[in-house]
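Overview (structure and organization)
Take a look at the letters that make up each chain.
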Amino acid sequence: MFEFLQPPGWAKPSGYANGIAARGKMIFVAGQIGWNEQCKFESDDLVAQIGQTLKNVDAVVRAGGAGPEHIVSMTWFLLDRKEYSARIVDGHKMTLGANDFVLTPNGTWHEHGVSSDGTPCIWQDGLDIPLVNTLEANFYVVHPDLQQSVGYPVDDMTHTWGNPGLRPAGAEWSKGYSPLLKYEWGPTYEALQRYAKATDGSPYDGVLMNYVNPVTGDPVMQTIGASMQMLRPGESTRAHRHTGSFIYQVAKGRGHSIIDGKRFDWKERDIFCVPSWAWHEHVNASASEDACLFTFNDLPVMHALGLYREEAFGDNGGRQPLVS
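Residues numbered from 1 in each chain as written. Predicted model: local features only at pLDDT ≥ 70, side-chain atom pairs only at ≥ 80, totals over all residues. Heavy atoms only, no water.

1. Here we look at the overall build of the chain
A tally of regular secondary structure across the chain gives five helices and 17 strands. In the chain, which comprises 324 residues, the proportion classed as buried is 39%. Put simply, of all contacts in the chain between residues at least 6 apart along the chain, 69% involve residues at least 24 apart. Accessible surface, the chain as shown: approximately 19,400 Å² in total, 54% of it carbon and sulfur. (Helix = DSSP H or I, 4+ residues; strand = E, 2+ residues; numbered from the N terminus. Buried < 20%, exposed > 50% of the residue type's maximum accessible area, 1.4 Å probe, protein only. Contact = heavy atoms within 4.5 Å. Areas by Shrake-Rupley, 256 points an atom, 1.4 Å probe, with all protein chains shown as cover.)

Encoded structure:
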């Protein structure tokens, strides 16, 4: 038996515990590696070896009369990660590249891995945990096999649902999230460039396109929306504010944003946020190259609850005065 330790007044953690008090029998598992029960490696693939290691840990724990849900702490040590990143969502395996946008919707099994011919990968997670915790609807489940099986051809959802203006004949999809689990950077940037030839864009957001569910045209998930926007060379948007919180990641270029009168410089890979109802405007610092900003947000919730509103900054030609 064990209990989670939570000091009074501390924010509730998600996916970990600040402390655990244990009673009764304790099991200490020796270091496990990616070979089978006969001490033989069945694969030289990192993902396969990680899966085998988890199975080994599970077997030792179960031999002591416990299960993976009783594990308090686990430490990993990797000697080499010159690998290629991949992600599996509900049995659908996807290869990933820089600036790709991938979904791991509520209630889906998901895991991450790296194959033998790739490179190290860092990604940004966007979660709806604060909302779901407030609604007391959060849950966390470990897969019974610790690693799911790949049940489809690699990148099958991209090949099936990622074709603009085309829908596979006879294909059905009724889940509340998009079947297109991966939105690739290449086609996204190309779409922004094409759209820029046909529009002056928004005075507040430049050339902005939303990621959508290809079946319904709705946001990619019921609680999280996402978009990519392009600022043309030298473009400076006007200020506005709206309900809904936005987390930005700079996909391309450099510039700055003014948020409630304060300037924040950014460059590729930087992350910044615009809180709900905060004045904001964006500036592309380059006179020759465009800049692209990815964002995820809670606009689906704001629209569903009838709480969305927007207001333009009316003074000074739409530009905020800087504050110290």
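Structure's up, so let's keep going.
2. Remarks on the environment of Val 150
Tracing the backbone through its elements, the reader meets Val 150 in the loop between helix 2 (129-134) and helix 3 (156-161). Residue Val 150 is classed as partly exposed on the basis of its relative accessible area, which comes to 41%. C-alpha separation for the pair Val 150 and Val 89, spaced 61 residues apart in sequence, amounts to 9.0 Å.

3. Overview of the pattern of salt bridges
Charged atoms that come close allow side chains of opposite charge to pair. A complete count under the given rule lists 10 salt bridges for this structure. Lys 182 is the salt-bridge partner of Asp 155, the closest N and O atoms lying 3.0 Å from each other. Within this pair, whereas Asp 155 is found in the loop between helix 2 and helix 3, its partner Lys 182 is found in strand 7 (residues 182-183), the two being separated by 27 residues in sequence. Here Arg 269 and Glu 268 are joined by a salt bridge, their closest N and O atoms 3.4 Å apart. Given a relative accessible area of 42%, Arg 269 falls into the partly exposed group. Overall, the relative accessible area of 39% leaves Glu 268 in the partly exposed class. One connected set of salt bridges, linked through shared partners, spans Asp 155, Lys 182 and Glu 184. (Salt bridge = Lys/Arg side-chain N within 4 Å of Asp/Glu carboxyl O.)

4. Describing helix 4 (residues 185-196)
Here helix 4 spans 16 Å end to end across 12 residues, near enough to the 16 Å set by a 1.5 Å rise per residue. Taken residue by residue, helix 4 has Trp 185, Thr 188, Tyr 189, Ala 191, Leu 192 and Ala 196 as its buried positions. Down the axis of helix 4, the smallest arc covering the buried residues is 155°, so these residues share one side. Residues of helix 4 that are buried sit in contact with strand 7, strand 8 (207-210), strand 9 (225-231), strand 11 (246-252) and strand 16 (291-297). (Expected span 1.5 Å × (residues − 1). Arc of directions from axis to C-beta.)

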